[in-house]
Amino acid sequence: MHDFPIGTNIMEVNERIAAENRNHFDSNGVFAINVMSAPGAGKTSVLEKTIERLKDRHKIGVIEGDLVTNIDAARISAMGVPAHQITTGTVCHLDARMLHLAMHQFDVTGFDLLFIENVGNLVCPAEFNLGEHLKVMVFSTVEGAEKPKKYPLMFHEADAVIL
């Protein structure tokens, strides 16, 4: 467990743990991808198609973030890919600590690719570094053309946007 002094900035703590996560990925040859979007934009569908195309060539694992259910983790597991659920309750994003704790229960060291499906939200997930190598946003055009103006951080933080 991590001990940080009272009054330590939450983002500073997150960055420290994210660095530990990244070191763990790098030292084990795992390429981690944080998949973000609004709820219902198609993150899980994109993951299913990606897994379908890559699972014969790469060892893939998925960590799923959701407020309450394990529906998406069940969909991924049904494809024969190991999946681990992080249920956040009322927290609208994953942070580095949540991912760090999940990796104590879900060994990622055997994977080539680790997809982290973040909680559906266009604000908070972009703010929290998980230690991932790549941030990918799934954007459904039916969400509205104003989304880049209303939620610029998500679009600026994403390394790639899938339409």
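Conventions we followed
Residues numbered from 1 in each chain as written. Predicted model: local features only at pLDDT ≥ 70, side-chain atom pairs only at ≥ 80, totals over all residues. Heavy atoms only, no water. Helix = DSSP H or I, 4+ residues; strand = E, 2+ residues; numbered from the N terminus. Rg over C-alpha atoms; globule rule 2.2 N^0.38 Å. Buried < 20%, exposed > 50% of the residue type's maximum accessible area, 1.4 Å probe, protein only. Contact = heavy atoms within 4.5 Å. Areas by Shrake-Rupley, 256 points an atom, 1.4 Å probe, with all protein chains shown as cover. Salt bridge = Lys/Arg side-chain N within 4 Å of Asp/Glu carboxyl O. Disulfide = S-S within 2.5 Å. Expected span 1.5 Å × (residues − 1). Arc of directions from axis to C-beta. Polar contact = N/O pair within 3.5 Å; in protein donor to acceptor, adjacent residues only side chain to side chain. 1 Å grid on protein atoms, 1.4 Å probe; cavity = no way out; pocket = protein on both sides within 12 Å on 5 of 7 lines; lining within 4 Å. Points joined across faces, edges and corners; volume = space filled by probe spheres on them.

Right, let's talk about the overall build of the chain for a bit. Within the chain one finds seven helices and six strands. The order of helices and strands in the chain, counted from the N terminus, is α-β-α-β-α-β-α-β-α-β-α-α-β. Rg of the C-alpha trace for the chain: 15 Å, near the compact-globule value of 15 Å for 163 residues, within the 12% margin. Burial analysis of the chain (163 residues in total) assigns 47% to the buried set. Contacts spanning at least 24 positions in sequence make up 69% of the contacts within the chain whose residues lie at least 6 apart. In the form shown here, the chain has an accessible surface area of approximately 8,400 Å², with 55% of it arising from carbon and sulfur atoms.

Turning our attention to the pattern of salt bridges. Under the defined criterion, the tally for this structure stands at six salt bridges. Linking K147 and E146 is a salt bridge whose minimum nitrogen-to-oxygen distance equals 2.8 Å. Salt bridges sharing common partners tie together E132, K135 and E157.

Scanning all chains against the criterion turns up zero disulfides. We note that C124 lacks a disulfide partner, and the nearest cysteine sulfur, in C92, lies 3.1 Å from it.

On to helix α1 (residues 10-27), then. Between its terminal C-alpha atoms α1 stretches 26 Å, which fits the 26 Å expected from 18 residues at 1.5 Å a residue. V13, N14, I17, A18, N21 and F25 are the residues of α1 that are buried. The arc that holds the buried residues of α1, viewed along the axis, is 135°, so those residues lie on one side. Counted as exposed and oriented over 90 degrees from the buried face of α1: N23 and S27. Tucked into the core, α1 has its buried residues touching β1 (31-36), α4 (96-105) and β4 (113-117). For α1, the capping residue at the N-terminal end is N9, with a side-chain oxygen 2.6 Å from the backbone nitrogen of M11. Directly after α1, the chain includes G29, whose backbone phi takes a positive value near 70°.

Taken as a whole, the largest pocket spans an internal volume of roughly 240 Å³. Those elements giving two or more residues to the lining of the largest pocket turn out to be α2 (43-54), β2 (60-66) and α3 (71-77). Top element by residues in the lining of the largest pocket is α2. It accounts for three residues.

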